[in-house]
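Chain by chain, the residues:
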Amino acid sequence: ISNTLGVDFGYVDETIYKEANAYKGTYVGAGYSHKLPRSLTAGASYRYFNGGLTGSTVNRNTMLFSLTWLPTGAKIFQ
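Please read these numbers as outputs of a predicted model, since none were measured by experiment.

**Regarding unusual backbone geometry**
Residues other than glycine predominantly adopt negative phi, and peptide bonds predominantly adopt the trans conformation.
Okay, so step 1: In this model, Arg38 sits at a positive phi of 65°, which is unusual for a non-glycine residue.
Okay, so step 2: With respect to the helices, strands and loops of the structure, Arg38 is situated in the loop between strand E2 (23-36) and strand E3 (40-53).
Okay, so step 3: Phi is positive for Ser39, close to 60°, though the residue is something other than glycine.
Okay, so step 4: Structurally, the position occupied by Ser39 is in the loop between E2 and E3.

And the structure:
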């Protein structure tokens, strides 16, 4: 596989402990990766978060770019 696309969704809720400052929020993310020559893979991912403590809400956007090298034994120096 030379291309991979993924999406995810999550929810966190700490109100089960019945504390005054309960933490909760939701996030959604997506990622894409592409296999390159020489055992390299380039990728990009994005995540949005909306949540926080009771009474204060935060919104966060995160973008990550990566370059990964996975050696393949004797083929490393081809």
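Structure's up, so let's keep going.
**Focus: the environment of Tyr11**
Okay, so step 1: Tracing the sequence through the fold places Tyr11 in strand E1 (residues 3-13).
Okay, so step 2: Here the alpha-carbon distance between Tyr11 and Tyr27, two residues 16 residues apart in the chain, equals 6.5 Å.
Okay, so step 3: Sequence-distant contacts of Tyr11, that is, excluding residues within four places in its chain, are made with Lys24, Gly25, Thr26 and Tyr27.
Okay, so step 4: At 3.1 Å, the side chain of Tyr11 and the side chain of Asp13 are in polar contact.

**Considering the pattern of salt bridges**
Okay, so step 1: A complete count under the given rule lists one salt bridge for this structure.
Okay, so step 2: Asp8 serves as the salt-bridge partner of Arg47, at 3.0 Å between the closest nitrogen and oxygen. Pair noted here: Arg47 is in strand E3 and Asp8 is in strand E1, with a separation of 39 residues, a long-range link.
Okay, so step 3: Owing to a relative accessible area of 37%, Arg47 belongs among the partly exposed residues under this scheme.
Okay, so step 4: Given the relative accessible area of 32%, Asp8 is considered partly exposed.

Conventions and cut-offs
- Per chain, residues are indexed from 1 in the order of the written sequence.
- With pLDDT at 70 or above as the cut-off, local features in this predicted model cover only qualifying residues; side-chain atom pairs require 80 or more to be listed or tallied, and sums for whole chains, interfaces and linings still use all residues.
- Side-chain numbers come from the whole structure's heavy atoms, not from hydrogens or water.
- Only DSSP runs of H or I reaching four residues or more are called helices, and only runs of E reaching two or more are called strands; each is numbered from the N terminus.
- The contact definition used throughout considers only heavy atoms, calling two residues in contact when any of these lie within 4.5 Å.
- As used in this structure description, the phrase polar contact means that two N or O atoms lie within 3.5 Å; if the pair is within protein, one of them must be able to donate a hydrogen and the other to accept it, and residues adjacent in sequence are counted only when both atoms belong to side chains.
- Salt bridges are defined by distance alone: a side-chain nitrogen of Lys or Arg within 4 Å of a carboxyl oxygen of Asp or Glu.
- Burial classes follow relative accessibility: with a 1.4 Å probe on protein chains only, a residue under 20% of its type's maximum area counts as buried, one over 50% as exposed, and anything between as partly exposed.

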